[in-house]
Amino acid sequence: MLHKRIKLVITNEQDDIKIPAGVRILMRRACTATLYGENFDGSAEVYVRFVDNKTIRELNMKHRGKDDVTDVLSFPLGENGVYDVNPQTGAKMLGDVVIAVPRAAEQSKEYGHSIQREICYLTVHSLLHLLGYDHEQGRIESVRMREKEEAALMQVGLVRNASYYMES
């Protein structure tokens, strides 16, 4: 079995919503489950920023040309499975994740689950983007990503309490 380890460097740059105790541990566990699910070789580093809605809106406009609040943004450092390696740790540097915590809190209420689950979901979703997945490629890629997200979250006990298909 390959040794997989993820180093999440998490900074909280917002004070709108209190980050629940234990969420950082759940995020690390969910990311580790994701790496195992992807047969990722070796160790990885990811930087996560918790921001407010105003900050993510500005980043969304600057980097994607979209003038609205989104829940998460991913900034990959690698391409086609090739990543820079941190010379001190030997870990592959996957990239940056930016999560709008107030938006995550809104979505957790909307979907009827905990903010812990929503933050972990957004982290895993973004990690899959850093690994090269793109749900905007079409429905099949979107379904594959969702299956991988749910598998990782189930491994850490964050099961979904409803179907992710909504009736029209």
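A few points on the structure. (Residues numbered from 1 in each chain as written. Predicted model: local features only at pLDDT ≥ 70, side-chain atom pairs only at ≥ 80, totals over all residues. Heavy atoms only, no water.)

### Let's talk about the nonpolar core
Put simply, the test is: What we call a nonpolar core is a set of buried Ala, Val, Leu, Ile, Met, Phe, Trp, Tyr and Cys residues that are connected through their side-chain atoms within 4.5 Å. Each residue's exposure class comes from its accessible area (1.4 Å probe, protein chains only) as a fraction of the maximum for that residue type: buried when under 20%, exposed when over 50%, partly exposed otherwise. Each helix is a run of DSSP H or I of at least 4 residues and each strand a run of E of at least 2, with the numbering of both proceeding from the N terminus. Throughout, a contact is declared for two residues whenever any of their heavy atoms are within 4.5 Å.
Core analysis: the largest hydrophobic core is formed by 40 residues, its most contacted members being Met 27, Val 46, Val 48, Phe 50 and Leu 94. Breaking this core down by element, the ones donating at least two residues are β1 (5-12), α1 (23-37), β2 (43-51), β5 (92-100), α3 (101-111), α4 (115-130) and α5 (139-155). Looking at which element gives the most residues to this core, the answer is α4, with 9 residues. For Val 48, the residues in contact, after removing those within four places along its chain, are Leu 8, Val 9, Ile 10, Thr 11, Met 27, Val 97 and Ile 99. By size, the runner-up hydrophobic cluster in this structure holds 6 residues, among which are Ile 56, Leu 73, Val 98 and Ala 100.

### Considering the environment of Tyr 121
Residue placement: Tyr 121 occurs in helix α4. On the accessibility criterion, Tyr 121 (11% relative accessible area) is buried. In this structure the C-alpha to C-alpha distance between Tyr 121 and Glu 149, which are 28 residues apart in sequence, comes to 6.7 Å. Dropping the residues within four chain positions of it, Tyr 121 is found in contact with Arg 146, Glu 149 and Leu 153.

### Regarding α5
Formally: The span expected for a helix works out to 1.5 Å for each residue beyond the first. Throughout, the arc means that of the directions going from the helix axis to the C-beta atoms.
Taking 1.5 Å of rise per residue, 17 residues should cover 24 Å, and α5 covers 25 Å from first to last C-alpha, within 8% of that figure. Buried within α5 we find Glu 141, Met 145, Glu 149, Glu 150, Ala 152 and Leu 153. Looking straight down α5, one finds that the buried residues subtend no more than 165° of arc, so they occupy a single side. Turned more than 90 degrees off the buried face of α5, the exposed positions are Arg 139, Ile 140, Met 154 and Gln 155. Buried residues belonging to α5 abut α1 and α4. Of the residues flanking the end of α5, it is Gly 157, one or two places downstream, whose phi is positive at about 85°.

### Quick word on the packing of aromatic side chains
Formally: Pairing of aromatic side chains here covers Phe, Tyr and the six-membered ring of Trp, requires ring centres within 6.5 Å, and sorts the geometry by plane angle: under 30 degrees stacked, over 60 edge-to-face, intermediate tilted. Distance and angle both matter: a charge sits over a ring if NZ of Lys or CZ of Arg is within 6 Å of the ring centre and within 35 degrees of the ring normal.
Summed over the entire model, instances satisfying the criterion amount to 1 aromatic pair. Here Phe 40 and Tyr 83 contribute two aromatic rings whose centre-to-centre distance is 6.2 Å and whose plane-to-plane angle is 55°, an arrangement assigned as tilted. Of this pair, Phe 40 sits in the loop between α1 and β2 while Tyr 83 sits in the loop between β3 (72-76) and β4 (84-85), and the two are 43 residues apart along the sequence. Tyr 83 sits in the buried class, given a relative accessible area of 12%. Above the ring of Phe 40, the side-chain terminus of Lys 92 is found at 5.1 Å from the ring centroid.

### Some remarks on the pairing of β5
Quick note on the threshold: Pairing between two strands requires that DSSP report at least two bridges joining them.
Note that β2 and β5 share 8 bridges and pair parallel. Looking at β5, one finds that Val 46 is bridged to Gly 95. Relative to β5, β3 runs antiparallel, the two being bridged by 5 bridges. Counterpart to Val 72 in the pairing with β5 is Ile 99. Note: β4 against β5, 2 bridges, orientation antiparallel.

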